[in-house]
Amino acid sequence: MLPALQAENQKASSPSASAFPFFPAMAYYQNTGLPTAASMVVTPAMSDVSQEDPSEGFGPSKLGVRTTVDEPLSASQAIEVLQAGNRRFVQGDVKAGGLGPDMRRALASHGQCPVATVIGCADSRCPVEQLFDARPGDLFVLRNAGNTCTHAEGSMVGSVEYSVAILETKMILVLGHTGCGAIMGATKLFLERSTQKYIEMTCRKDAQESTDQSTEASESEQPPQPGCCKKKSTLLGLLDALVPVAEQAGVELEGGSTEEIAAHAVKVNVWCTINFLLGYSLIIREKVASGEVELQGAVCNTSSGAVEFLGKSPKQAQLLNYDGHVVPSMGGLARQVS
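Rules of the game
Residues numbered from 1 in each chain as written. Predicted model: local features only at pLDDT ≥ 70, side-chain atom pairs only at ≥ 80, totals over all residues. Heavy atoms only, no water. Helix = DSSP H or I, 4+ residues; strand = E, 2+ residues; numbered from the N terminus. Buried < 20%, exposed > 50% of the residue type's maximum accessible area, 1.4 Å probe, protein only. Areas by Shrake-Rupley, 256 points an atom, 1.4 Å probe, with all protein chains shown as cover. UniProt positions renumbered as here; feature names shortened; annotations may be inferred. Contact = heavy atoms within 4.5 Å. Pairing = 2+ DSSP bridges. pLDDT = per-residue confidence, 0-100. Axes fitted to C-alpha atoms, helices over the stretch in contact; angles between N-to-C directions. Parallel < 35°, antiparallel > 145°, perpendicular 65-115°, else oblique. Left-handed = near helix turned anticlockwise from the far one by under 90°. Salt bridge = Lys/Arg side-chain N within 4 Å of Asp/Glu carboxyl O. Phe/Tyr/Trp six-rings, centres within 6.5 Å; stacked < 30°, edge-to-face > 60°.

*Asks:* What's the story with the overall build of the protein in this structure? I'm lost.
*Replies:* A count of helical and extended segments in the protein gives 12 helices and 5 strands. Among the 338 residues that make up the protein, the fraction classed as buried is 44%. Accessible surface computed for the protein: about 17,400 Å², of which carbon and sulfur atoms make up 54%.

Here is the structure:
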């Protein structure tokens, strides 16, 4: 499947397979004989052809919509058009509209050349394309509850790698949002566990002071036994994996309210996702280190729709020296493939 996807998006001027030593499928692709984007030329009707003002859209498009015929935008250009698109969205002056049949055929034939890759939350109130006034072909979007790489991280990280290595996007944006249900759930879970732990420690201390310590551990002190987690769900597992984010937010706020911790945890979670991408993707790490790709964070205000751009992770320089190559959940699979 991957060679076909690569053929669809490969430019005639793309680097050779040797430029992607970490992407062995590139060499395979070049020997398939599949048609390249350059050989599948579609000439749209004149009514669909446009030369957009970069300040009013997602960069100039030779066929009226961004395809591999267009040059990839730099990271600085990408962040500018994202900011401009969000301003239009907030002001109600959106320009993105439907695509005519010739534009759709151009996208299908020439392949995609998105301006940026965005990891967003699955929350229905934060549709990424609308937030940035984007059209089909403008953004490569990945979404899940909590805009996180904690679970199903292989598919998330692998998809981001595809976007930067094959589609040549130069900007990766991790987008959180205010009032995130996943973060609030993780915050409540963290606080409940902290309270329960305090109660248990207090009761245990009182019991030890009033009675002789038993030589046998009570049933409540035994480790969880197989089958005791039958009522747990995948959702609980997702929230459980986000608890460390809430814990860090709680520590940084030094005992804020549930709402305050959850609000701060939204930003903490954005940094955690960025740091995970840098820590466990050699492809992303090398491209960021070379300056070819930028990885930035942002938070959308659900009420106003305005996006606050946070810039790069404070830990980026440190993580560029990390040696993680594959996300933990796919370590075994990666060894089998290699």
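*Asks:* How should I be thinking about the UniProt feature "binding site: Zn(2+)" (unreviewed entry) in the protein in this particular structure?
*Replies:* Those places that UniProt annotates as "binding site: Zn(2+)" (unreviewed entry) correspond, in this numbering, to Cys121, Asp123, His177 and Cys180. The named residues occupy 60 residues along the chain; their greatest pairwise C-alpha distance, 8.9 Å, places them in one compact cluster. Position of Asp123 among the secondary structure elements: in the loop between strand 1 (116-121) and helix 5 (128-131). Other than its neighbours up to four places away in sequence, Asp123 contacts Arg143 and His177. Mapped onto the elements of the fold, Cys180 is located in the loop between strand 3 (171-177) and helix 7 (181-210). Residues contacting Cys180, with those up to four places away along its chain left out, are Cys121, Gly146 and Val266.

*Asks:* Sorry if this is basic, but what is going on with the pairing of strand 5 (residues 307-311) here?
*Replies:* A regular strand carries its side chains on alternate faces of the sheet. Pairing of strand 4 (residues 294-300) with strand 5 involves 4 bridges; the strand directions are antiparallel. Note that in strand 5 the partner of Ala298 across the bridge is Phe309. A loop of 6 residues connects strand 4 with strand 5, the two strands running antiparallel in sequence, and Gly305 in this loop sits at a positive phi of about 85 degrees.

*Asks:* What should I look at first to understand the confidence of the model for the protein in this one?
*Replies:* On average, residues of the protein carry a pLDDT of 77, and 68% of them reach 70 or more. Ranking the elements of the protein by mean pLDDT puts helix 2 (residues 25-30) last with 36 and strand 3 first with 98. Low pLDDT (under 50) marks residues 10-55, which in the prediction has 84 contacts with non-local residues, meaning those over four places away or in another chain.

*Asks:* Honestly, the packing of helix 6 (residues 153-165) against helix 10 (residues 282-290) in this entry has me stumped. Any pointers?
*Replies:* Describing two packed helices takes the angle between their axes plus the distance from one axis to the other. The geometry of helix 6 relative to helix 10 is characterised by a closest axis approach of 9 Å and an angle of 40 degrees between their N-to-C directions. Taken as axis vectors, helix 6 and helix 10 run oblique relative to one another. As for the relative orientation of helix 6 and helix 10, their crossing is left-handed in sense. Touching Val160, Glu161, Val164 and Ala165 of helix 6 are Leu282, Ile283, Ile284 and Lys287, all from helix 10.

*Asks:* It is not clear to me how the pattern of salt bridges should be interpreted in this structure. Could you clarify?
*Replies:* Note that side chains of opposite charge can pair when their charged atoms are close. If you walk through the whole model with that rule in mind, you get 8 salt bridges. Residue Glu292 pairs with Lys287 through a salt bridge whose shortest N-O separation is 3.3 Å. Linked by salt bridges that have partners in common, Lys170, Lys287 and Glu292 make up one network.

*Asks:* Just to check I follow, could you spell out the packing of aromatic side chains for this structure?
*Replies:* Tallied over the entire structure, the rule returns 4 aromatic pairs. Measuring from centroid to centroid gives 6.4 Å for Phe132 and Phe309, while their planes differ by 55 degrees, and the two rings are tilted. Of this pair, Phe132 sits in the loop between helix 5 and strand 2 (139-144) while Phe309 is found in strand 5, placing the two residues 177 residues apart along the sequence. Aromatic side chains Tyr280 and Tyr322 sit 6.0 Å apart centroid to centroid with 75 degrees between the ring planes, which places their arrangement in the edge-to-face category. Separated by 42 residues along the polypeptide, Tyr280 in helix 9 (residues 258-280) and Tyr322 in the loop between helix 11 (316-319) and helix 12 (331-337) bring together distant segments of the chain. An aromatic cluster of at least three residues, connected via ring pairs, comprises Phe276, Tyr280 and Tyr322.

*Asks:* Could you clarify how one ought to interpret unusual backbone geometry in this entry?
*Replies:* When glycine is set aside, most residues are seen to have a negative phi, and most peptide bonds are trans. Phi is positive for Asn147, close to 35 degrees, though the residue is something other than glycine. Relative to the elements of secondary structure, Asn147 occurs in the loop between strand 2 and helix 6. The exposure class of Asn147 is buried, given its relative accessible area of 2%. Positive phi, normally seen in glycine, also occurs at Glu168, with a value near 65 degrees. Examined against the element boundaries, Glu168 turns out to sit in the loop between helix 6 and strand 3.

*Asks:* Any chance you could explain the sheet that holds strand 2 here in plain terms?
*Replies:* Backbone hydrogen bonds are what pair the strands of a sheet, in a parallel or an antiparallel way. Spatially, 5 strands are ordered 2-1-3-4-5 in an open sheet, and the strand pairing comes out mixed. Here the strands that pair on one side only, and so sit at the sheet edges, are strand 2 and strand 5. The mean inter-strand angle of the sheet, taken between neighbouring strand axes irrespective of direction, is 25 degrees. Two elements, strand 3 and strand 4, share 7 bridges in a ladder whose sense is parallel.

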